[in-house]
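Read off the chains here:
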Amino acid sequence: MSTVLSNFDSWKQFLAERLEQGKKLGLTDDTIANLAYEIGSFLDERVDPKNEEQRVLKEIWDAGDEDERKTLARLMCKLVQH
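Here the structure is a predicted model, which is why all the values come from computation and not from measurement.

K.L.:
What should I look at first to understand the nonpolar core in this one?
P.N.:
When a protein is soluble and globular, its nonpolar side chains tend to lie buried together. Counting residues in each nonpolar core, the largest one holds twelve residues, listed as Val 4, Leu 5, Phe 8, Trp 11, Leu 15, Ala 16, Leu 19, Ile 32, Leu 43, Met 76, Cys 77 and Val 80. The set of elements that each furnish at least two residues to this core consists of helix 1 (2-6), helix 2 (8-24), helix 3 (29-46) and helix 5 (66-81). At five residues, the largest contribution of residues to this core is made by helix 2. The residues contacting Phe 8, other than those within four sequence positions of it, are Asn 51, Glu 53, Gln 54, Leu 57 and Met 76.

K.L.:
Honestly, the packing of helix 3 against helix 4 (residues 52-63) in this entry has me stumped. Any pointers?
P.N.:
To characterise two packed helices, one gives the angle between the axes of the helices and the distance between these axes. In contact at an axis separation of 11 Å, helix 3 and helix 4 are set at 105° when each is read in the N-to-C sense. Between helix 3 and helix 4, the crossing angle belongs to the class labelled roughly perpendicular. Where helix 3 approaches helix 4, its residues Tyr 37, Gly 40, Ser 41 and Asp 44 are matched on the opposing element by Lys 58, Trp 61 and Asp 62. Grouping the constituent residues of the contact of helix 3 with helix 4 by class yields two nonpolar, two polar and three charged.

K.L.:
Which parts of the structure should I look at to understand the environment of Leu 19?
P.N.:
Mapping Leu 19 onto the fold places it in helix 2. The class for Leu 19 is buried, based on a relative accessible area of 8%. When the C-alpha positions of Leu 19 and Asp 29 are compared, they lie 9.4 Å apart, and in sequence the two are ten residues distant. Once residues lying within four places of it in the same chain are set aside, the contact partners of Leu 19 are Ile 32, Cys 77, Val 80 and Gln 81.

K.L.:
So what exactly am I meant to see when it comes to the packing of aromatic side chains here?
P.N.:
Each aromatic ring pair is characterised by the separation of its centres together with the angle its planes make. What the rule picks out here adds up to two aromatic pairs. Seen in terms of ring centroids, Trp 11 and Phe 14 are 5.8 Å apart; in terms of plane orientation they differ by 20°. Their pairing is stacked. Of this pair, Trp 11 and Phe 14 both sit in helix 2, three residues apart, which is roughly one turn of the helix. Using a relative accessible area of 7% as the deciding quantity, one classes Trp 11 as buried. Directly above the aromatic system of Tyr 37 lies the positively charged group of Lys 70, at a separation of 5.5 Å from the ring centroid.

K.L.:
What am I meant to see in the environment of Glu 52 here?
P.N.:
Within the fold, Glu 52 resides in helix 4. Owing to a relative accessible area of 56%, Glu 52 belongs among the exposed residues under this scheme. Linking Glu 52 and Asn 7, residues 45 residues apart in sequence, is a C-alpha distance of 9.7 Å.

What counts, and at which threshold
Residues numbered from 1 in each chain as written. Predicted model: local features only at pLDDT ≥ 70, side-chain atom pairs only at ≥ 80, totals over all residues. Heavy atoms only, no water. Core = buried A, V, L, I, M, F, W, Y, C linked by side-chain atoms within 4.5 Å. Buried < 20%, exposed > 50% of the residue type's maximum accessible area, 1.4 Å probe, protein only. Helix = DSSP H or I, 4+ residues; strand = E, 2+ residues; numbered from the N terminus. Contact = heavy atoms within 4.5 Å. Axes fitted to C-alpha atoms, helices over the stretch in contact; angles between N-to-C directions. Parallel < 35°, antiparallel > 145°, perpendicular 65-115°, else oblique. Nonpolar A, V, L, I, M, F, W, Y, C, P; charged D, E, K, R; others polar. Phe/Tyr/Trp six-rings, centres within 6.5 Å; stacked < 30°, edge-to-face > 60°. Lys NZ or Arg CZ within 6 Å of the ring centre and 35° of its normal.

Printed below as a string of structure tokens:
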């Protein structure tokens, strides 16, 4: 996982692959967004950002309330789908 986190493009590719796996398993967009929020919370609490992009995301995450964090999680899902 640390290799995935060291490069932002690798991180986005990893997320895109997990998102695709979830869809193939029949997970709804809401379920995927909730999982993304939980992963974001985990990373915020336990993982030091490895690059500038992740630092910006952490700062935005920390500035937001729960609803804004859920929106950010949904946006990350949208970002990696394109």
